[in-house]
Amino acid sequence: MNDQTADERFMRRALELAEEAARWGEVPVGAVVVEDGRVVGEGFNRRETWRDGTAHAEMLAIEDASRRLGGWRLTNCVLYVTLEPCPMCAGAIVLSRVHRLVYGATDAKGGAVMSRVRLLEPGLWNHAPQITSGILADDCAKLLKDFFRKRRTQAQRGSDAR
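Source: prediction; values computed, not measured.

1. With respect to the packing of aromatic side chains
Stage number 1. One pass over the full model with this rule turns up two aromatic pairs.
Stage number 2. Summarising the aromatic geometry, the rings of F10 and Y80 are spaced 5.4 Å apart at their centres and angled 40° between planes, so their arrangement reads as tilted. Pair noted here: F10 is in helix 1 (residues 3-23) and Y80 is in strand 3 (residues 77-83), with a separation of 70 residues, a long-range link.
Stage number 3. Among the residues examined, F10 registers a relative accessible area of 4% and is labelled buried.
Stage number 4. With a centroid separation of 5.2 Å and an interplanar angle of 80°, the aromatic rings of F147 and F148 are classed as edge-to-face.

Structure (C-alpha cells):
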C-alpha cells in the first residue's frame, strides 16, 4: 500500500470518528494515531459532552495511543486528523514527538499549522513533524459545513418559535 492509499484509508477512519462526534452534538473532528500500519489511538471531539475545553480529537487520540503503547513518545506514529490542528493540539503534537501529521481540511479561524499561525515549522522547537495536508479535504470540510449549517437552521427555528 502506498502512502497516499494509506493516508486516505486512515483519514476515512478519522472521518468516521468525526461523524460519531456529530451524532453526539460535537463539532465533527476525528483523529487516528497509526504505528506501523495499525491504529493505536483514536479520538473525536468531546468538549461539549465532557465540558472540557481540552477534549479535542487530537488530544484524545494522542492520550489513547500513549496509553496503548505504554509511553508518551510517539516517534514512530502518524496522526491523522480531519481538521488542521489548533495551537493546543499543535503543541501536543510537538511534545509527544509525533513523526508525521496528516490533516484534511484547513481551519482559517484557528489552524496552527498553515492557516493562522505556523507552529510546526522546522526550527521553532526541538521537534517538527513531517506534514501532509489536504487528504480528503473536501469530505472533511463538507462534514463541518453541513454540521454548522444544520446548527444554524436549528437555532433559527428556535428563535422563530418565540
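From this point, the narrative continues.
2. Points about the UniProt feature "domain: CMP/dCMP-type deaminase" (unreviewed entry) in the protein chain
Stage number 1. When the UniProt feature table is mapped onto this chain numbering, "domain: CMP/dCMP-type deaminase" (unreviewed entry) sits at residues 5-114.
Stage number 2. Along residues 5-114 one finds 41% helix and 24% strand; the C-alpha atoms at either end are 24 Å apart.

Parameters and conventions
Residues numbered from 1 in each chain as written. Predicted model: local features only at pLDDT ≥ 70, side-chain atom pairs only at ≥ 80, totals over all residues. Heavy atoms only, no water. Phe/Tyr/Trp six-rings, centres within 6.5 Å; stacked < 30°, edge-to-face > 60°. Helix = DSSP H or I, 4+ residues; strand = E, 2+ residues; numbered from the N terminus. Buried < 20%, exposed > 50% of the residue type's maximum accessible area, 1.4 Å probe, protein only. UniProt positions renumbered as here; feature names shortened; annotations may be inferred.

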